[in-house]
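Chain by chain, the residues:
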Amino acid sequence: VDKISISTLEMVQPDIKMYIFEPLQKKKDKPFNNNIILENLKITNANFKVLKGQNKIFSSENMQVAVSELVMNKATSNKKIPFTYKDLTVSGRKVESFSDHQNFKINNAKITPTSVQLNNILVEKNGDFNTKTSMNGSIKNLDIKINEWNFDDEKLKLEVENVLINGLNGELTLAKNN
């Protein structure tokens, strides 16, 4: 087992681009036998894009990320989220998510273990409205206070204390049953 331990890793103004492709054929999974420990990760003023083929499915600007006690090892590597961490804080501007039927745009976002704050959210229909439920609308502010947030057996366990929605305006189109 190889062990990699880093006390602090800091990246300033990185442009991060991730590509997602469907594999041509399924490869046999090799076991992950490394033990990676990163005590502190800090990313400042990052631009981030995720592309599936040539289509942008996620992007954000001015991302600030702080993660403490990030661990990836043989036990974590087979999970949907292949690492564990003690604390995580993420914030950014112009956060956008695109799919075949729905686009989300968030002007400002901040996520901590105890709260989610989203400002100026725009949700737009995209594509076929008859086969999938979709929404057009906007929210001025969305604040969520979180009591507990973790992953149990690869499923998100989220206990929310309260949700405050300010300036909700929109319409919901339900999928038509054939």
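The structure under discussion appears in the preceding block.
As the structure is a computational prediction, the values presented were derived from the model and not from experiment. (Residues numbered from 1 in each chain as written. Predicted model: local features only at pLDDT ≥ 70, side-chain atom pairs only at ≥ 80, totals over all residues. Heavy atoms only, no water.)

1. Overview of the side chain of Ser91
- Structurally, Ser91 can be placed in strand 5 (residues 87-98).
- Among residues more than four places away in sequence, those in contact with Ser91 are Asn62, Met63, Gln64, Ala109 and Lys110. (Helix = DSSP H or I, 4+ residues; strand = E, 2+ residues; numbered from the N terminus. Contact = heavy atoms within 4.5 Å.)

2. Regarding the nonpolar core
- Counting ten residues, the largest nonpolar core is built from Val95, Ile106, Ala109, Val116, Leu118, Ile121, Val123, Ile139, Leu142 and Ile146.
- Contributing elements (two or more residues each) for this core: strand 6 (102-112), strand 7 (115-125) and strand 8 (134-152).
- The biggest single contributor to this core is strand 7, with four residues.
- Ignoring anything within four residues of it in the chain, the contact list for Val123 reads Gln102, Asn103, Phe104, Met135, Asn136 and Gly137.
- Core analysis: the second largest hydrophobic core is formed by nine residues, Leu38, Ile43, Val65 and Val67 among them. (Core = buried A, V, L, I, M, F, W, Y, C linked by side-chain atoms within 4.5 Å. Buried < 20%, exposed > 50% of the residue type's maximum accessible area, 1.4 Å probe, protein only.)

3. Some points on the environment of Leu122
- On the secondary structure map, Leu122 appears in strand 7.
- Here Leu122 falls in the partly exposed class, since its relative accessible area comes to 34%.
- Separated by 22 residues in sequence, Leu122 and Ile144 place their C-alpha atoms 17 Å apart.
- Those residues in contact with Leu122, other than ones at most four positions away along the chain, are Asn103, Phe104, Lys105, Gly137 and Ser138.

4. Here we look at the pairing of strand 6
- Note: strand 5 against strand 6, eight bridges, orientation antiparallel. Residue pairing across strands places Glu96 opposite Lys105, the latter belonging to strand 6.
- Between strand 5 and strand 6, which follow one another and run antiparallel, lie three residues.
- Relative to strand 7, strand 6 is paired through ten bridges, and the arrangement is antiparallel. For Ile106, the partnering residue across the bridge sits in strand 7 and is Ile121. (Pairing = 2+ DSSP bridges.)

5. Describing a nonpolar patch on the surface
- A surface patch of nonpolar side chains, about 780 Å² in accessible area, is lined by Ile81, Phe83, Phe151, Leu156, Leu158, Val160, Val163, Ile165 and Leu168.
- Here Val160 shows up in strand 9 (residues 155-166).
- Look at Val160 and you get partly exposed, because its relative accessible area is 34%. (Patch = residues over 30% accessible without salt bridge, like charges linked within 9 Å, V, L, I, M, F, W, Y side chains within 5 Å. Areas by Shrake-Rupley, 256 points an atom, 1.4 Å probe, with all protein chains shown as cover. Salt bridge = Lys/Arg side-chain N within 4 Å of Asp/Glu carboxyl O.)

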